[in-house]
Amino acid sequence: MITLNTRMADLIFADVFSLSILDRLNIKLGFGDKTIDNICQSYKINPKLFLQIVRLFLYNEVPTDIEENKKLLTDLIKYLRITHDYYLRRLIPFIDDNIKKLEVKEPDRIKDIGLLKKFFNQYKAELVAHLENEEKNVFPYVLELHQAYNSGRLDNSVIDKIRHSSIVDFEKEHDNLDEKLNDLKNIIIKYLPPFENHFEVIQILVTVFQLEKDVYEHAQLEDLMMVPVVRELENQLFKNV
Amino acid sequence: MFNKLDMSALFICVVSPFEQVRLSLSSAILKNYENLLILSDFDLSYYKKQLLQYEQLCIILPIDIITPSITSTAKSHQHSIIPFLDNPKPICKKTFEVFITPRDNSAEIFNKIDASVRKKKINDVSETLSERETEVLKYIAKGNSNKEIAANMHLSPHTVMTHRKNITNKLGIKSISGLTVFAILQNIISMDEAAM
């Protein structure tokens, strides 16, 4: 079991894909025998939150202690925002680049690559719209609520927001973002005729698998860690109105 | 209005003594399935008293509480049993071809339930679409709604829904745009006809 005293190197040995978590947090390699706690402290990352994220990633262990999660809320939102950036800056462009490489290398397959591109662009547009909604509406609302809770000051605008844009609505709108990625995997693995440039196709596929797992865990952090805390904050604050 | 329970629909039963496991599994399963029973405990007598009424049932439960009598009851009722385990042990691979681990995401869980259920229900099912399913797919890819497809093909909307479920189960593709890509790749419709 990974704990704060586990060496950071052992986390990578446990699962190489945990590198993607380090990458988005800008944690560089070469950490010798330093523990997860040591590294988190030196990068000013909340070690408890880091541990929760890693445990979700490795064991699908969902942190459900509302009081503990309440303390982690601000850092959790920071991490969710960093993850959005990681999708848009790293994973999506990587898939785009490999589709472009295929286009250049196999001009006679323009129809198939065009279909792949169109499908992926549609997914991208949905993902971007979803992330933008979270960035512009959901996260600011959560942070405002958290601040009101901590300061004990509840002004009318916050009360209005709880009434009109409660987190329950967010839950309803929380789309199934992994559905299209699963479709994309099936299309590439089973139905697209084989390409000469197999390497690019495999790069695309591996990244789609990675993105799918990441998006799923991201949604779990939001649905099972953030949302219950926000619901609790809404209830607590409303009690005092 | 009270809706009568559809006994022909697939019911998923998740068993785990751990709240965390129940929570994460059920949130993953609910993304693809509507009918979910969540239990903290399970044994043969509960199975026989409460669950035999279900025509299509898939029980996901910890490997250590699966007994031969549970397995044989499931077999005789064409129910599926999928063990949930932290680490796939070789012995388990031999007995069960499909198992769910804590690391599976909702799509992987969907694929595993689907594989397990279809194996029980239909043996040697052809993955190719039937003529009717191909026709439904054609309409979907052209951007028609279930209602429109039902009217064009003189079917009930419920039958159209069943065809759609079967298409998704066979192809592993659920979204309309994914189905459209498939239809174009297979020359079921042309690029110009597509609603994409």
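Thresholds applied
Residues numbered from 1 in each chain as written. Chains lettered and ligands numbered in written order. Predicted model: local features only at pLDDT ≥ 70, side-chain atom pairs only at ≥ 80, totals over all residues. Helix = DSSP H or I, 4+ residues; strand = E, 2+ residues; numbered from the N terminus. Buried ≥ 20, exposed ≤ 12 C-beta atoms within 10 Å, placed from the backbone. Contact = placed C-beta atoms within 7 Å. Axes fitted to C-alpha atoms, helices over the stretch in contact; angles between N-to-C directions. Parallel < 35°, antiparallel > 145°, perpendicular 65-115°, else oblique. pLDDT = per-residue confidence, 0-100. Core = buried A, V, L, I, M, F, W, Y, C linked by C-beta atoms within 7 Å. Nonpolar A, V, L, I, M, F, W, Y, C, P; charged D, E, K, R; others polar.

Student: Lay out the overall build of chain A with the relevant residues and their values.
Tutor: Scanning chain A for helices and strands turns up 10 helices and 0 strands. For chain A, the C-alpha atoms occupy an extent of roughly 65 × 50 × 25 Å along the three principal directions. For chain A, buried positions account for 30% of its 241 residues.

Student: Give me the overall build of chain B: which residues, what numbers.
Tutor: Within chain B one finds 9 helices and 4 strands. When the helices and strands of chain B are listed from N to C terminus, the series reads β-α-β-α-β-α-β-α-α-α-α-α-α. By the burial criterion, 31% of the 196 residues in chain B qualify as buried. Sequence separation of at least 24 residues holds for 54% of the intrachain contacts in chain B that already meet a minimum separation of 6.

Student: Break down the packing of helix 2 (residues 44-51) of chain B against helix 3 (residues 68-76) of chain B for me, citing the residues and quoting the values.
Tutor: All names here are of chain B. One way to put it is that helix 2 packs onto helix 3 with a least axis distance of 9 Å and a crossing angle of 20°. In this view, helix 2 runs roughly parallel relative to helix 3, as classed from their interaxial angle. Each of L44, Y47 and K48 in helix 2 lies in contact with helix 3, whose residues at this interface are S69, I70 and T73.

Student: Tell me about the confidence of the model for chain B, and please be specific about residues and values.
Tutor: Caution applies to low-pLDDT regions: their predicted coordinates should not be interpreted in detail. Residues and elements named next belong to chain B. Overall, the predicted model of chain B reaches an average pLDDT of 84, with 87% of residues at or above 70. In this model residues 122-126 is a low-confidence stretch, pLDDT under 50, and it forms 1 contact with partners more than four residues away in sequence or in other chains. If you check the scores for this complex, the pTM reads 0.73 and the ipTM reads 0.87.

Student: Could you give an account of the nonpolar core, naming the residues involved and the relevant values?
Tutor: Ranked by size, the top nonpolar core spans 33 residues in total, and within it A:F119, A:L184, B:V136, B:L137, B:L179 and B:F182 carry the most contacts. Counting only elements with at least two residues in this core, the list comes to helix 5 (66-105), helix 6 (110-151), helix 9 (178-191) and helix 10 (198-239) of chain A together with helix 6 (131-141), helix 8 (157-171) and helix 9 (176-185) of chain B. Residue contributions to this core peak at 7 residues, all from helix 6 of chain A. In this structure, B:F182 is in contact with A:I187, A:Y191, B:L171 and B:I173, ignoring residues within four places of it in sequence.

Student: With reference to specific residues and values, describe unusual backbone geometry.
Tutor: Of note, the phi angle at A:N60 is positive, near 55°, even though the residue is not glycine. Structurally, A:N60 is set in the loop between helix 4 (47-59) and helix 5.

Student: An account of helix 9 of chain B is needed here, citing residue identities and associated values.
Tutor: Among the 10 residues in helix 9 of chain B, 8 count as buried, and that is most of the element. Among the residues making up helix 9 of chain B, those that are buried are B:S177, B:G178, B:L179, B:T180, B:V181, B:F182, B:A183 and B:I184. Buried-residue contacts for helix 9 of chain B involve helix 6 and helix 9 of chain A together with helix 6 and helix 8 of chain B. Directly after helix 9 of chain B, the chain includes B:N187, whose backbone phi takes a positive value near 60°.

Student: Which residues make up the environment of A:F57, and what values do they have?
Tutor: Residue and element names in this part refer to chain A. Turning to its location among the elements, F57 is positioned in helix 4. The spacing of F57 and D15 is 42 residues in sequence and 9.3 Å in space, taken between C-alpha atoms. Apart from residues lying up to four places away in sequence, F57 is in contact with S18, I21 and E217.

Student: Mind laying out the interface of chain B and chain A, listing which residues take part and the relevant values?
Tutor: Of the residues lining the interface, 22 residues belong to chain B; the matching set on chain A comes to 25 residues. Residues belonging to the side of chain B that touches chain A are distributed by class as follows: 10 nonpolar, 9 polar and 3 charged.

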